[in-house]
Amino acid sequence: MEKKPVNSATRSLATQLLFLISSILYTCTSATAQELLAGFKANPSSSVSSFQSLLNDSTSTFSLGFLRVNQTQLALTVIHLPSLQPLWQANPTSSFRWSDKTQLFFNGSLVISDPHKRSFWSTGTSQQGDKVVLLNSSNLQILQKQVVLWQSFDFPTSTLVENQNFTSNMSLVSSNGLYSMRLGDDFIALYARFKDGKTQQMYWKHKALEAKAEVVQGQGPIHARLESDGFLGMYQMGKTPVDIQPFNSFHRPIDRFLMVQLEPDGNLKGYYWAQTDWVLDYQAITETCELPSPCGPYGLCRAGSGCSCLDNRTQVDTASFQCIDGDDQSGDFCSGSDDFWVLRRKGVELPFKELMDSDTTSSSVEECELSCQRNCSCWGAVYNNATGFCYPLNYPIQTLVGVGDESKVGYFKVRTKRSWHKKMKVGIRVLGAVIVVLTGVVLGYGGYKIWNRRRRGPKRVLEEKTEVSSGPYKNLGSASFKSIEMF
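First, a word on scope: everything that follows refers to the structure included in this document. (Residues numbered from 1 in each chain as written. Predicted model: local features only at pLDDT ≥ 70, side-chain atom pairs only at ≥ 80, totals over all residues. Heavy atoms only, no water.)

Thoughts on the overall build of the protein
Within the protein, the secondary structure is distributed over three helices and 33 strands. Relative to its 487 residues, the protein shows a buried fraction of 44%. Long-range contacts, defined as pairs at least 24 residues apart, comprise 52% of the intrachain contacts of the protein with a sequence gap of at least 6. For the protein, the exposed area adds up to about 26500 Å²; of that, 54% sits on carbon and sulfur atoms. (Helix = DSSP H or I, 4+ residues; strand = E, 2+ residues; numbered from the N terminus. Buried < 20%, exposed > 50% of the residue type's maximum accessible area, 1.4 Å probe, protein only. Contact = heavy atoms within 4.5 Å. Areas by Shrake-Rupley, 256 points an atom, 1.4 Å probe, with all protein chains shown as cover.)

The following block contains the structure:
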């Protein structure tokens, strides 16, 4: 299940040649600018199939431009030109159409707008910049008389490149939005935002070893930097790191360009560019089963055996990449007794239990289960009979790790999928309520009419019976006719 390096050797030679030819043709027909001045405007071109370059660095290694996404959408990105690998993206949470109505312009701020989708992004430069440049480091900058007003290095998306600082007020977010990387007081950590959209669960943590320098409280937050010498360093004061995470190429004399990327599977990986391919140089999580959810919801991961399911299915549904339908991620399990069923499994544990809260008050697996059963927001619990620790899960069930010790027991709630007969029951209930209401209205109206007749007495009723209707040939003379009151 190991993901291949970005743009690895599996990329076909034909694709490489096609990109080279298209790059040459594009360069011959239109030289890409090396700075954008106030008044610059650009729209996506319908003739471009992959990437429309707008601004290059001086070496033509990096470029700012429009990247086609799913044929009809675009992203404003800074890419590594030889590999077309995105390194930075403007507003990754919004999409823009590949349309001549979408426009990028520079008016002191860099702005992209799609009026049809009402999508908008701007650097929001408070002072008016006079030009936009792209440095040889891939850093996009807005300058005013050579003073930096804004730079993309201050707003990373899913990737850090060499010599780029990562501070405590920044975060890396995976392209699918599920995972993030942030700094703590003396550590760097990865977090999962599971499908309910609320829970942020830490699943990997690296504390500063403080071998060469110590973290001093009150002396400011730490920051990280990807060093060109082949390591991810953490710093607080000065140039001496409080921690080093070495890459495979650490201290090796290699002409390279480094980057680290938070992958869609939640792993933090480092790569270097080897002229034709990206080579995997570092990974924070080395074992597949230690990833936050390698087998999807209600999956079971065993080292060396791949994925199976908690409910004893042998394979994960490859279409949805999940064992049990997990579309309903609402956390309220108290709305009805038939809203969920219980799945129990022996020989399972959590992949990052050391980073989770545990309940030590449960003296047995039954008490552990009962505490979760009574908790409307609890999705499950894992109990270790050897230690007596109960780990409640307050987020939708993800992948568990299979172990040989059957004293480690899992209790999991599974949301019941609304079937056709449940929908029919709801429909029958609604229809019954409507019938009751209509019956009440009819009976009430009839009772009112009977009461009204009795109130007026028999004389008034007799008068109404003896009156004659004027009919269509109404006498327009002095004779008067009373109309019959309709009941």
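Digging into the sheet that holds strand S13 (residues 147-151)
Ordered in space as S1-S11-S12-S13, the four strands form an open sheet in which the pairing is antiparallel. Bordering the open sheet on either side are strand S1 (36-37) and S13, each of which pairs with just one other strand. By the bridge criterion, four bridges tie strand S12 (residues 140-144) to S13 in an arrangement that is antiparallel. Across the sheet, the residue bridging to Gln141 is Gln151, located in S13. (Pairing = 2+ DSSP bridges.)

Let's talk about the pattern of salt bridges
With the rule as written, the count across this model stands at nine salt bridges. Asp186 is the salt-bridge partner of Lys207, the closest N and O atoms lying 3.2 Å from each other. Taken together, the positions of Lys207 in strand S19 (residues 200-207) and Asp186 in the loop between strand S17 (179-183) and strand S18 (187-193) put the pair 21 residues apart, joining distant regions of the chain. Here Glu210 ties to Lys207 by a salt bridge, and the two come within 3.6 Å at their closest N and O atoms. Judged by relative accessible area, Glu210 falls into the partly exposed class, the value being 24%. Each of the salt bridges in this network shares a partner with another, and the network as a whole consists of Glu349, Lys353, Glu354 and Lys408. (Salt bridge = Lys/Arg side-chain N within 4 Å of Asp/Glu carboxyl O.)

Some remarks on the nonpolar core
Counting residues in each nonpolar core, the largest one holds 53 residues, and the members touching the most others are Met181, Tyr203, Tyr298, Leu310, Leu400 and Phe412. With residues up to four places along the chain from it excluded, the contact list for Met181 reads Leu160, Phe166, Met170, Ser171, Leu172, Ile188, Ala189, Leu190, Leu262 and Leu268. Val48, Leu140, Trp150 and Trp278 belong to the second largest nonpolar core, which has 34 residues in total. (Core = buried A, V, L, I, M, F, W, Y, C linked by side-chain atoms within 4.5 Å.)

Brief notes about the sheet that holds strand S16 (residues 172-173)
Strand order in the open sheet made by the four strands is S16-S17-S18-S19, with antiparallel pairing throughout. Sheet topology places S16 and S19 at the edges, where each strand pairs with a single neighbour. Examined bridge by bridge, S16 and S17 share two bridges and lie antiparallel to one another. Note that in S17 the partner of Val173 across the bridge is Ser180.

Some thoughts on the pairing of strand S31 (residues 389-393)
As defined by bridge partners, strand S30 (residues 380-384) adjoins S31 across five bridges and the pair is classed as antiparallel. Residue Tyr383 lies in a different strand from S31, and its bridge partner there is Cys390. The loop that links S30 with its antiparallel partner S31 comprises four residues; one of these, Gly388, has a positive phi angle of about 80°.

Let's talk about helix H2 (residues 365-373)
Helical periodicity: at 3.6 residues per turn, an α-helix aligns residues three or four positions apart in one direction. Taken together, the buried positions of H2 are Val365, Cys368, Glu369 and Cys372. The buried residues of H2 all sit within an arc of 95° when viewed along its axis, so they share a single face. Buried-residue contacts for H2 involve strand S28 (340-346), S30, S31 and strand S33 (408-415). (Arc of directions from axis to C-beta.)

As for the state of the cysteines
A covalent bond between the sulfur atoms of two cysteines is what we call a disulfide. Throughout the structure, instances matching the rule amount to five disulfides. Covalent S-S linkage joins Cys372 and Cys378, the inter-sulfur distance amounting to 2.1 Å. Here Cys372 and Cys378 share a disulfide; its torsion about the S-S bond, -100°, makes the bridge left-handed. Accessibility expressed as a relative area gives 1% for Cys378, which makes it buried. (Disulfide = S-S within 2.5 Å.)

A short note on the packing of aromatic side chains
Tallying each qualifying case throughout the model produces 13 aromatic pairs. On the basis of an interplanar angle of 15° and a centroid distance of 5.8 Å, the ring pair of Trp150 and Phe155 is categorised as stacked. Residue Trp150 is classed as buried on the basis of its relative accessible area of 7%. Taking the ring centre of Phe187 as reference, the NZ or CZ of Lys205 above it sits at 4.4 Å. Between the NZ or CZ atom of Arg225 and the centre of the ring of Tyr235, over which it lies, the distance is 4.5 Å. (Phe/Tyr/Trp six-rings, centres within 6.5 Å; stacked < 30°, edge-to-face > 60°. Lys NZ or Arg CZ within 6 Å of the ring centre and 35° of its normal.)

A few points about the side chain of Asp243
By the element assignment, Asp243 lies in strand S22 (residues 243-246). Within the buried set, Asp243 has no salt-bridge partner at all; the shortest N-O distance to an opposite charge, 8.9 Å, is to Lys207. Polar contacts involving the side chain of Asp243 include one to the main-chain amide nitrogen of Leu209, which spans 3.0 Å. Setting aside chain neighbours within four positions, we find Asp243 in contact with His206, Lys207, Ala208, Leu209, Leu232, Gly233 and Met234. (Lys, Arg positive; Asp, Glu negative; His and termini not counted. Polar contact = N/O pair within 3.5 Å; in protein donor to acceptor, adjacent residues only side chain to side chain.)

Some remarks on the pairing of S12
The buried fraction of S12 is high, at four of five residues. Examined bridge by bridge, strand S11 (residues 131-134) and S12 share four bridges and lie antiparallel to one another. Looking at S12, one finds that Lys131 is bridged to Leu143. Counted between consecutive antiparallel strands, the loop separating S12 from S13 contains two residues, among which Lys145 sits at a positive phi close to 55°.

Things to note about the side chain of Ser293
Relative to the helices and strands, Ser293 is located in the loop between strand S25 (278-283) and strand S26 (299-302). Of note is the side chain of Ser293, whose polar atom sits 3.0 Å from the side chain of Gln398. Among the polar contacts listed, one links the side chain of Ser293 to the side chain of Thr399, at a separation of 3.4 Å. Not counting the four nearest positions on each side in its chain, Ser293 is found in contact with Tyr179, Gln398 and Thr399.

A closer look at unusual backbone geometry
Although it is not a glycine, Lys145 adopts a positive phi angle of roughly 55°. Tracing the backbone through its elements, the reader meets Lys145 in the loop between S12 and S13. In this structure Lys145 comes out as exposed when scored by relative accessible area, which is 73%. The backbone phi angle of Asn163 is positive, close to 70°, even though this residue is not glycine. The exposure class assigned to Asn163 is partly exposed, which follows from its relative accessible area of 44%.

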